[in-house]
Amino acid sequence: MVTRRQILLGGLATAGAAGGVLAANGAAAAQAYREGFAAAELKSQTKVAKQKSSFNGSHQAGIEQRAQAHANFIGLEIGSKITKDDMLRWMVLLTDDITRLCNGEPVLADPEPDLMIGAANLTVTVGFGPALFKKLGLESKVPEGFAELPGFKIDQLRDEFTGGDVLIQLGADDLLILSHATRALLRDSEPFGTVRWQQAGFTNAVGSNPEGKTQRNLMGQVDGTDNPEFGSKNFANQVWITGGPAWAIGGTQLALRRIQMNLPTWDMLGRNDKEEVIGRHLDTGAPLGQKNEFDPINFDAKKENGLQVIPPFAHIRRAAAKRPGEQFFRRPFNYQVVGAKPGELDSGLLWTAYAADLTKQYLPVQQRLADFDLLNKWTTPIGSAVFAIARGFEPGQVLAEELFS
Ligand code: HEM
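Keep in mind that this is a model prediction, so the values were computed, not measured. In this convention, every chain numbers its residues from 1, walking through the sequence in written order. Only residues with pLDDT of 70 or above have their local features reported here, since the model is predicted, and side-chain atom pairs are shown and tallied only from 80 upward, although totals for entire chains, interfaces and linings are computed over all residues. Only hydrogens and water are set aside; all other atoms, that is, all heavy atoms of the structure, feed into the side-chain values.

Novice: I keep staring at the overall build of the chain and nothing clicks. Help me out?
Specialist: Strands are runs of DSSP state E lasting at least two residues, helices are runs of H or I lasting at least four, and both sets are numbered from the N terminus onward. Summing up its helical and strand segments, the chain has 12 helices and nine strands in all. The cut-offs for exposure are 20% and 50% of the maximum accessible area for each residue type, with area from a 1.4 Å probe on protein chains only; residues under the lower value are buried, those over the upper are exposed, and the others partly exposed. Looking at the 405 residues of the chain, the share that counts as buried comes to 48%. Nonlocal contacts in the chain, meaning residues at least 24 apart in sequence, comprise 77% of its contacts between residues at least 6 apart. All accessible-area figures derive from a Shrake-Rupley calculation using a 1.4 Å probe, and residue coverage is judged against the displayed protein chains alone. A total accessible area of about 20,100 Å² is found for the chain, and carbon and sulfur atoms account for 55% of it. Should any heavy atoms of two residues lie within 4.5 Å, those residues are counted as being in contact.

Structure below.
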């Protein structure tokens with residue numbers, strides 16, 4: 001009899017004539033399996049590269065859609081001599097680049113066009129920081145509720161992750177495509193601005209996390225449950241600007257916070273303690289005391305000993321809206337880079353909030369969390385920037401044209 005061990009050790013050839021026939025059949029089957037597998041794998045890879053996100057319309061792409069596997073957030077500072085006309089020229093270039101890249105095509109005069117093998121769901125989102133409006137005398141075109149954030153006592157902000165006049169946010173499901181698109185956009189931006197910071201983030205690869213399932217952050221938590229549903233009225237109300245300057249109608253406002261996690265001390269906590277910090281179960285993401293991720297949160301529930309099931313300073317209790325309108329859309333990306341010392345990792349979230357009015361919707365929540373949130377013991381904001389995101393563009397239109405003309 002041929003044993004499992006013989007098969008594993010490739011010992012079939014010594015197992016007699018019958019074994020020889022078996023071996024030949026087995027080898028052919030293995031070869032066919034390998035080829036079939038390779039073909040299927042190739043097909044699925046090609047499928048990822050061929051995916052396109054729609055990028056024309058009243059809203060820019062890269063917001064009301066699943067977070068891609070990879071993202072780059074780039075903050076640029078405009079040159080001291082840059083005028084409104086220069087900005088418009090820059091936007092003309094970016095609009096053309098975005099159109100080509102999101103179609104999976106190289107930009108004009110791309111020195112390495114062969115790298116653009118598809119779009120892999122590439123999206124590019126462009127916005128403007130508060131300083132830009134001052135520099136160009138565009139204060140009358142600032143959307144309502146858009147301003148620099150105040151300092152928070154939890155902040156330990158670093159210049160290299162903070163501020164910026166122009167945001168270019170890119171997302172894609174293929175890192176090589178994303179890096180090539182980033183390179184193209186930065187090359188065409190060079191005459192107008194310098195890069196102040198560039199921050200890379202990631203979620204699961206396509207296929208690793210079933211579509212529609214909420215992603216996890218590096219603390220192991222299911223992160224993004226309590227968010228407005230894509231395509232819903234709720235989403236539109238929370239996110240899209242509906243009044244004020246024309247260039248921003250259909251746009252939104254973004255708060256981007258780089259929040260470092262102290263994972264070595266977090267890892268030392270017991271599972272129950274970790275769950276109490278957030279107020280949700282780690283495995284399912286369900287609120288404490290409930291079974292499923294999307295079960296309603298019962299903030300009034302008490303344990304037998306009289307203590308609250310969701311502790312007073314649990315993250316979700318502090319973050320939940322206390323007044324109507326204190327809601328927004330979160331679309332976080334993980335980050336992990338080499339730490340300050342050899343062997344150390346610097347990990348955290350590129351935490352994003354998109355809201356029609358940051359001052360009304362996001363600021364009170366951020367202030368409450370800065371005042372007290374159990375999670376603050378393991379997290380530190382080290383970067384911060386806000387951007388007003390222009391409305392989307394139709395074919396033939398130029399991104400943010402009403403702002404600079
Ligand atoms: C590293 C930092 C952070 C981590 C790890 C984190 C993690 C989480 C997790 C695991 C949840 C529960 C699941 C969910 O609904 O998504 C949550 C909920 C939430 N977080 Fe955070 N968060 C962070 C920072 C922030 C910040 C800075 C804000 C706002 C200023 C915020 C606002 C919220 C809100 C509004 C909810 C939903 C609360 C509700 O259920 O009503 N989070 N967060």
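Novice: So what exactly am I meant to see when it comes to the side chain of E293 here?
Specialist: Its place among the elements puts E293 in the loop between α8 (271-278) and α9 (315-319). There is no salt bridge for the buried E293, and the closest opposite charge comes from R280, which lies 6.1 Å off by N-O distance. Any pair of nitrogen or oxygen atoms within 3.5 Å is treated as a polar contact; in protein, a donor-acceptor pairing is required on top of that, and neighbouring residues in sequence qualify only through side-chain atoms on both sides. Within the structure, the side chain of E293 is placed 2.6 Å from the side chain of T214, a separation counted as a polar contact. Here E293 is in contact with T214, V222, T225, R280, T284, G285, A286 and P287, once residues within four sequence places are set aside. For the purpose of counting charges, residues Lys and Arg are taken to be positive, whereas Asp and Glu are taken to be negative. His and the chain ends are not included. For this analysis, a salt bridge means a side-chain nitrogen from Lys or Arg found within 4 Å of a carboxyl oxygen belonging to Asp or Glu.

Novice: What should I look at first to understand the coordination of the iron atom of the ligand in this one?
Specialist: A 2.8 Å cut-off from the metal defines N, O and S donors, relaxed to 3.2 Å for Na, K and Ca; water is not in the atom list, so some sites may appear incomplete. For the iron atom of the ligand, the protein supplies a single donor, H315 (NE2), at a distance of 2.1 Å. Residue position: H315 is located in helix α9.

Novice: Got a minute to help me understand the site of the ligand in this structure?
Specialist: Around the ligand there are 25 residues in total, and G224, T225, D226, H315 and R330 lie nearest to it. At a separation of 2.6 Å, an oxygen atom of the ligand approaches a polar backbone atom of G224. One of the side-chain N or O atoms of D226 is found 2.8 Å from an oxygen atom in the ligand. Sorting the residues of the shell around the ligand by element identifies β5 (252-261), α9, β8 (345-355) and α11 (363-371) as the ones contributing at least two each. When its residues are assigned to classes, the shell around the ligand shows 14 nonpolar, seven polar and four charged. Note on definitions. A residue lies near a molecule or strand when any single heavy atom of the residue is within 4 Å of it. Residue polarity is assigned by list, with Asp, Glu, Lys and Arg as charged and Ala, Val, Leu, Ile, Met, Phe, Trp, Tyr, Cys and Pro as nonpolar; anything else, Gly included, falls into the polar class.

Novice: What am I meant to see in helix α5 (residues 175-189) here?
Specialist: Helical geometry: 3.6 residues make up each α-helical turn, so side chains three or four residues apart lie on a common side. Expected span of a helix: the number of residues minus one, times 1.5 Å. Taking 1.5 Å of rise per residue, the 15 residues of α5 would be expected to cover 21 Å, and the 21 Å separating its terminal C-alpha atoms lies within 8% of that figure. Of the residues making up α5, those classed as buried are I177, L178, H180, A181, T182, A184, L185, D188 and S189.

Novice: Would you mind showing me how to read the layout of surface pockets here?
Specialist: A probe matching the size of a water molecule, rolled over the atoms, marks out where space remains unfilled. Whether a set of points on the 1 Å grid over the protein atoms alone is a cavity depends on a 1.4 Å probe fitting there but being unable to get out, while an open set qualifies as a pocket with protein on both sides within 12 Å along at least five of seven lines; lining residues are those with an atom within 4 Å of a point. Grid points are joined across faces, edges and corners, and a volume is the space filled by probe spheres set on the points. Considering only enclosed or pocket space, the second largest pocket measures out at about 390 Å³ in volume. What lines the second largest pocket is a set of 20 residues, among which Q260, M261, N262, L345 and D346 lie closest to the centre. For the lining of the second largest pocket, the elements supplying multiple residues, two or more each, are β5, α7 (263-267), β7 (333-338), β8 and β9 (379-389). Counting residues per element, the lining of the second largest pocket draws most heavily on β8, which supplies three residues.

Novice: Explanation requested: the pattern of salt bridges in the structure shown.
Specialist: Any two side chains of opposite charge can pair, given that their charged atoms come close. The full count for this structure, using the stated rule, is 16 salt bridges. Here R66 and D173 are joined by a salt bridge, their closest N and O atoms 2.8 Å apart. Remark: D173 occurs in the loop between β3 (166-172) and α5 and R66 occurs in the loop between α2 (16-50) and β1 (70-78); sequence separation between them is 107 residues. With a shortest N-O distance of 3.7 Å, E144 and K360 are connected by a salt bridge. With E144 in the loop between α4 (130-135) and β3 and K360 in helix α10 (residues 358-361), this pair connects stretches of sequence that are 216 residues apart. On the basis of relative accessible area, E144 is assigned to the exposed category, the value being 61%. With relative accessibility at 55%, the residue K360 sits in the exposed group.

Novice: Would you mind going over the nonpolar core with me for this structure?
Specialist: Generally speaking, soluble globular proteins have nonpolar side chains that are buried together. Residues belong to a common nonpolar core when they are buried Ala, Val, Leu, Ile, Met, Phe, Trp, Tyr or Cys residues joined through side-chain atoms within 4.5 Å. In this structure, M87, M91, L122, F128 and F404 are the most contacted members of the largest nonpolar core, which totals 79 residues. If you tally residues by element for this core, the top one is helix α3 (residues 84-102), at seven residues. Ranked by size, the runner-up nonpolar core spans 21 residues in total, among them A71, W197, V239 and L254.

Novice: Sorry if this is basic, but what is going on with the packing of α3 against α5 here?
Specialist: Packed helices, taken two at a time, are described by their axes: the angle between them and the distance between them. It is the contact of α3 with α5, at a shortest axis distance of 10 Å, that shows an interaxial angle of 165 degrees. Classified by the interaxial angle, the pair formed by α3 and α5 is roughly antiparallel. Taken as a pair, α3 and α5 cross one another with a handedness that is right-handed. Counted together, W90, L93, L94, D97 and L101 of α3 and A181, A184, L185, D188 and S189 of α5 form the full contact between these two elements. The residue inventory of the contact of α3 with α5, partitioned by class, reads seven nonpolar, one polar and two charged. Every axis corresponds to a line fitted to the C-alpha atoms, with the helix fit spanning only the stretch in contact, and the corresponding angles, defined between N-to-C directions, vary from 0 to 180 degrees. An angle below 35 degrees is treated as roughly parallel, one above 145 as roughly antiparallel, one from 65 to 115 as roughly perpendicular, and anything else as oblique. Two helices that cross are described as forming a left-handed crossing if the nearer one is turned anticlockwise from the farther one by less than a right angle, and a right-handed crossing if clockwise.

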